[in-house]
Amino acid sequence: MGGRSLRCGNRRLALDRTRVMGVLNITPDSFSDGGQLFRSGALDLGALRVGAEAMCAAGVDIIDVGGESTRPGANPVTVDEELRRVMPVVESLLELDSIVSVDTRKAEVAEAALAAGCHMINDVGGLADERMLAAVAESSAAVCIMHMQGTPATMQQDPRYKDVIGEVRQVLETRSRQALAAGVDAERICVDPGFGFGKTLEHNLTLLQNLAQLRVDGLALLVGLSRKRMIGALANRPVESRMAASVAAAVLAAERGADIVRVHDVPETVDALKILEAVRQ
Ligand code: HH2
């Protein structure tokens with residue numbers, strides 16, 4: 001069978017249309033959905049499972065489980081705490097039909113998740129942890145390499161670029177070529193410009209306007225704009241009222257070449273992308 005696809009362990013995701021990655025944050029402090037899955041401090045696995053099943057019913061392609069908030073100013077969590085949050089959820093979700101991704105910057109968390117059978121590692125650190133590349137290379141899982149300037153604690157203090165498109169592209173090119181050289185097949189790699197990760201509103205808009213230039217070596221392109229600060233700034237909406245603007249942003253990103261959009265509002269985004277698909281030539 002021809003056509004582009006992303007290999008995710010024993011699954012293959014055809015990239016013949018824009019695919020949807022649904023966010024499942026296992027964090028008490030994520031900026032838009034933090035805390036909802038914690039009841040009196042303990043993780044509510046039942047509620048989580050119901051949420052994940054609803055995403056599957058709505059047509060999600062990938063569920064992205066994250067145990068550390070990376071919102072601007074967020075404090076890092078320890079490896080043990082991240083494992084405690086993420087692993088029971090990964091094990092539960094692997095019983096479902098979806099591709100399961102783990103959003104982590106830590107090689108130790110990635111190693112445990114890969115050993116449990118997760119299909120993808122979403123590394124917002126862009127392979128900054130030295131062992132991350134080896135962990136992914138030894139598996140057959142997919143990896144998302146995201147661009148971030150600085151670290152979540154300080155990244156929004158004073159982000160600067162001479163040429164934001166060129167610089168982001170350069171980093172994605174370098175890191176993905178390192179992955180290729182380490183033995184990760186091209187069909188297992190996605191790249192992501194990392195909207196809001198060490199970027200001003202102007203930087204984010206420049207990246208979105210020129211998204212097509214961020215396609216690196218034919219690799220899959222993933223984009224996360226959902227409910228972010230830039231969406232809030234443009235629509236003048238607090239975080240709980242950013243759904244419509246986020247869906248619009250996802251459609252625009254898809255039209256400009258995103259293969260996968262990472263979103264909180266799965267049913268609405270799936271519907272919106274059907275309209276785009278119907279008018280696509
Ligand atoms: N954005 C966030 C987290 N992970 N991964 C990729 N590949 N691309 C992104 O743009 C991206 C990401 C931040 O959003 P969210 O998970 O909603 O918030 P928090 O980091 O506070 O949990």
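For the structure itself, consult the block above.
Below: a short report on this structure. (Residues numbered from 1 in each chain as written. Predicted model: local features only at pLDDT ≥ 70, side-chain atom pairs only at ≥ 80, totals over all residues. Heavy atoms only, no water.)

Take His 264: it is sitting in the loop between β12 (260–263) and α9 (266–279). Taking relative accessible area as the criterion, His 264 reaches 12% and is therefore assigned buried. Side-chain polar atoms of His 264 contact the side chain of Ser 226, separated by 2.7 Å. (Helix = DSSP H or I, 4+ residues; strand = E, 2+ residues; numbered from the N terminus. Buried < 20%, exposed > 50% of the residue type's maximum accessible area, 1.4 Å probe, protein only. Polar contact = N/O pair within 3.5 Å; in protein donor to acceptor, adjacent residues only side chain to side chain.)

On to helix α8 (residues 243–255), then. For α8, built from 13 residues, the straight-helix expectation of 18 Å at 1.5 Å per residue is met to within 8% by its first-to-last C-alpha distance of 18 Å. Where the residues of α8 are buried, they touch α6 (201–209), β11 (220–224), α7 (229–235), β12 and α9. Taken from the residues just after α8, Gly 257 is the one with a positive phi, measuring 120 degrees. (Expected span 1.5 Å × (residues − 1). Contact = heavy atoms within 4.5 Å.)

Our next topic: the environment of Gly 224. Along the polypeptide, Gly 224 turns up in strand β11. C-alpha of Gly 224 to C-alpha of Leu 96: the two residues are 128 residues apart in sequence and 23 Å apart in space. Contact partners of Gly 224, with chain neighbours within four places excluded, come to Asp 192, Phe 195 and Arg 262.

On to the packing of helix α2 (residues 79–93) against helix α3 (residues 107–116), then. With their axes 10 Å apart at the nearest point, α2 and α3 run at an angle of 20 degrees to one another. The angle between α2 and α3 places the two elements in the roughly parallel class. Between α2 and α3 lies a crossing whose hand is right-handed. Across the interface between the two elements, Val 79, Glu 82, Leu 83, Met 87 and Glu 91 of α2 pack against Glu 108, Val 109, Ala 112, Ala 113 and Ala 116 of α3. (Axes fitted to C-alpha atoms, helices over the stretch in contact; angles between N-to-C directions. Parallel < 35°, antiparallel > 145°, perpendicular 65-115°, else oblique. Left-handed = near helix turned anticlockwise from the far one by under 90°.)

Another aspect to go through is the pairing of strand β7 (residues 99–103). In terms of residue burial, β7 counts as a mostly covered element, since 5 of its 5 residues are buried. Side-chain alternation along β7 places Ile 99, Ser 101 and Asp 103 on one buried face and Val 100 and Val 102 on a second face that is also buried. Where strand β6 (residues 62–66) meets β7, 5 bridges bridge the pair, whose relative direction is parallel. Opposite Gly 66, over in β7, you have Asp 103 as the bridge partner. Across 3 bridges, β7 lies against strand β8 (residues 120–123) in parallel orientation. Considered in β8, the bridge of Asp 103 is made with Asn 122. On the question of chirality, the crossover connecting β7 to the parallel β8 by way of α3 is right-handed. (Pairing = 2+ DSSP bridges. Right-handed = clockwise from strand over helix to strand, strands pointing away.)

Right, let's get into the packing of helix α5 (residues 164–181) against α6. Interhelical geometry of α5 versus α6 gives an angle of 70 degrees and a closest axis separation of 9 Å. Our classification of the angle between α5 and α6 gives roughly perpendicular. Contact residues: α5 offers Val 164, Ile 165 and Val 168, while α6 offers His 203, Thr 206 and Leu 207. In terms of residue class, the contact of α5 with α6 is built from 4 nonpolar, 2 polar and no charged. (Nonpolar A, V, L, I, M, F, W, Y, C, P; charged D, E, K, R; others polar.)

A word on the pairing of strand β2 (residues 11–14). Sheet topology places strand β1 (residues 5–8) next to β2; 4 bridges connect them, and they run antiparallel. Bridge pairing links Ser 5 to Ala 14 in β2. From the end of β1 to the start of β2, which pair antiparallel, there are 2 residues, and Gly 9 there has a positive phi angle of about 60 degrees.

Here we take up the environment of Ala 128. Relative to the helices and strands, Ala 128 is located in the loop between β8 and α4 (130–137). By relative accessible area, Ala 128 is classed as exposed at 57%. Along the sequence, Ala 128 and Val 223 sit 95 residues apart, while their C-alpha atoms lie 19 Å from each other.

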